[in-house]
Amino acid sequence: MGYARYIGAFLGFINTHSFLGVLIGFGIGYLFDRLTAPPQVVPKPEDIERLRAQQRDSFLHALMVLSAHVIQADGKIMHSEMEHVRSFLRNSFGEAVAAQGNDTLLRLFEFHKQNGERVWQDYIRRACYDLVSRMEAPVRLQLLAYLCDIAKADGKLDEREVNALKEMATYLGFTTDTIDAMLHLGGESLDDAYAVLGINKNATDDEVRKAYKRMVLQHHSDKVATLGEDVKAAATKKMQEINEAKRRIYEARGMK
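Quick caveat, the model's predicted, so the values are computed rather than measured.

S.K.: Explanation requested: the overall build of the chain in the structure shown.
M.R.: In terms of regular secondary structure, the chain is built from eleven helices and zero strands. Counting from the amino terminus, helix and strand elements in the chain follow one another as α-α-α-α-α-α-α-α-α-α-α. Per-residue burial over the chain gives 48% buried out of 256 residues. The long-range share in the chain, meaning contacts at least 24 apart out of those at least 6 apart in sequence, stands at 69%. Working note: accessible area of the chain is about 12,900 Å², and carbon and sulfur atoms make up 53% of it.

S.K.: Please clarify how empty space enclosed by the protein should be interpreted in this entry.
M.R.: The gaps of empty space that remain are located by a probe, the size of a water molecule, rolled over the atoms. According to the stated counting rule, one finds two cavities of 30 Å³ or more in the structure shown. In this structure, the second largest cavity spans a volume of roughly 40 Å³. What lines the second largest cavity is Thr178, Ala181, Met182, Leu185, Met215, His219 and Ile242. The biggest single contributor to the lining of the second largest cavity is helix α8 (residues 176–184), with three residues.

S.K.: What should I look at first to understand the packing of helix α6 (residues 137–152) against α8 in this one?
M.R.: Pairs of packed helices are described in terms of their axes, by the angle between the two and the distance that separates them. Where α6 contacts α8, the axes come no closer than 10 Å and their chain directions differ by 60°. With respect to each other, α6 and α8 are oriented oblique. As α6 packs across α8, the resulting crossing turns out to be right-handed. Counted together, Leu141, Leu144, Ala145, Cys148 and Lys152 of α6 and Thr178, Ile179, Met182 and Leu183 of α8 form the full contact between these two elements. Along the lines of polarity and charge, the residues of the contact of α6 with α8 split into seven nonpolar, one polar and one charged.

S.K.: I keep staring at the packing of aromatic side chains and nothing clicks. Help me out?
M.R.: How two aromatic rings sit relative to each other is given by the distance of their centres and the angle of their planes. According to the stated counting rule, one finds five aromatic pairs in the structure shown. Note on Phe111 and Tyr123: the rings are 4.9 Å apart at their centroids and 40° apart in plane angle, and the pair reads as tilted. The class for Phe111 is partly exposed, based on a relative accessible area of 27%. Grouped by ring-pair contacts, the aromatic residues Phe111, Trp120 and Tyr123 constitute a single cluster. One cation-aromatic arrangement involves Lys246 over Tyr212; the distance from NZ or CZ to the ring centre is 4.6 Å. Between Lys246 and the ring centre of Tyr250, over which it is positioned, the NZ or CZ distance is 4.9 Å.

S.K.: Where do I start with the packing of helix α5 (residues 95–134) against helix α7 (residues 159–171) in this structure?
M.R.: Where α5 meets α7, the closest approach of the two axes is 9 Å, and the angle between their N-to-C directions is 45°. The angle between α5 and α7 falls in the class oblique. Crossing handedness for the pair α5 and α7: right-handed. Contact residues: α5 offers Gln121, Ile124, Arg125, Cys128, Tyr129 and Val132, while α7 offers Glu167, Met168 and Tyr171. Residue composition of the contact of α5 with α7, by class: six nonpolar, one polar and two charged.

S.K.: How should I be thinking about the pattern of salt bridges in this particular structure?
M.R.: Pairs may arise between side chains of opposite charge once their charged atoms sit close together. All told, the structure shown has 14 salt bridges when counted by the stated rule. Here Arg86 ties to Glu83 by a salt bridge, and the two come within 3.0 Å at their closest N and O atoms. Taken together, the residues Arg86 and Glu83, both in helix α4 (residues 79–93) and three residues apart, mark about one turn of the helix. Arg86 sits in the buried class, given a relative accessible area of 15%. Residue classification places Glu83 among the partly exposed positions, given a relative accessible area of 26%. Here Arg253 makes a salt bridge to Asp205, at a shortest N to O gap of 2.6 Å. In this pair, Arg253 is assigned in helix α11 (residues 229–253) and Asp205 in helix α10 (residues 205–219), connecting sequence segments 48 residues apart. Linked by salt bridges that have partners in common, Glu83, Arg86, Arg90 and Glu95 make up one network.

S.K.: What is the right way to look at the nonpolar core in this model?
M.R.: The nonpolar side chains of a soluble globular protein tend to be buried with one another. Ranked by size, the top nonpolar core spans 45 residues in total, and within it Leu66, Leu131, Leu143, Leu147 and Leu165 carry the most contacts. Only α3 (45–71), α4, α5, α6, α7 and α8 provide two or more residues apiece to this core. Top contributing element to this core by residue count: α5, with eleven residues. Residues Ala181, Ala203, Tyr212 and Met239 belong to the second largest nonpolar core, which totals 19 residues.

S.K.: Explanation requested: the environment of Phe111 in the structure shown.
M.R.: Residue placement: Phe111 occurs in helix α5. If we ignore the near neighbours within four places in the chain, the residues touching Phe111 are Gly116, Val119, Trp120 and Tyr123.

Calculation rules
- Residues numbered from 1 in each chain as written.
- Predicted model: local features only at pLDDT ≥ 70, side-chain atom pairs only at ≥ 80, totals over all residues.
- Heavy atoms only, no water.
- Helix = DSSP H or I, 4+ residues; strand = E, 2+ residues; numbered from the N terminus.
- Buried < 20%, exposed > 50% of the residue type's maximum accessible area, 1.4 Å probe, protein only.
- Contact = heavy atoms within 4.5 Å.
- Areas by Shrake-Rupley, 256 points an atom, 1.4 Å probe, with all protein chains shown as cover.
- 1 Å grid on protein atoms, 1.4 Å probe; cavity = no way out; pocket = protein on both sides within 12 Å on 5 of 7 lines; lining within 4 Å.
- Points joined across faces, edges and corners; volume = space filled by probe spheres on them.
- Axes fitted to C-alpha atoms, helices over the stretch in contact; angles between N-to-C directions.
- Parallel < 35°, antiparallel > 145°, perpendicular 65-115°, else oblique.
- Left-handed = near helix turned anticlockwise from the far one by under 90°.
- Nonpolar A, V, L, I, M, F, W, Y, C, P; charged D, E, K, R; others polar.
- Phe/Tyr/Trp six-rings, centres within 6.5 Å; stacked < 30°, edge-to-face > 60°.
- Lys NZ or Arg CZ within 6 Å of the ring centre and 35° of its normal.
- Salt bridge = Lys/Arg side-chain N within 4 Å of Asp/Glu carboxyl O.
- Core = buried A, V, L, I, M, F, W, Y, C linked by side-chain atoms within 4.5 Å.

Structure (structure tokens):
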């Protein structure tokens, strides 16, 4: 695996100080790895810049496709969810890109309306598979967390939104339990704690320990240490919430 994608991710973070900047930087770096990999001839600088621009735009478009899918999953386009995406883009790249992202979302809503559910579902699958080809698993986990935040932006979760998130999770290479865990992170009940670890109350103590270890391996901040401090901070926060879920379960069971 080449190093350019991680350099790109680092530069994306330095230039935008944002999670989305890291994702786009990572995607651009991935393209550079492919462009410069032997035995291909190294392209001219102007060709690389042109292809980078194309890659950046297609990468951002794929993110907006997934965002649009969450926003309209419940049959309603909520201002709070739209504003969550606009704010995300505004804080990452400025007002111009936020406006561009908003226009892209509106065009995607119209595309869905004009072409129907079957075409839209195929569009979602292709967008997810495209992102899988560009992003390592730890980064895709952060993307899923971003999508979960969109769904929660209006203060409630519709079953159709949860189903859409689980659908995209499978396309992105994860199980549906990943979404259940993310949606219960930060919850205060014992039920939330079990959901975070992806197990039920009837699990044995040994199953609890194994589930916790599995979550640590998946979410530990060291997995994203090369992708910028904001991504690492997000992973650290999730790990703290996983540890809190473990603490509540261990305490309830008298485990050590």
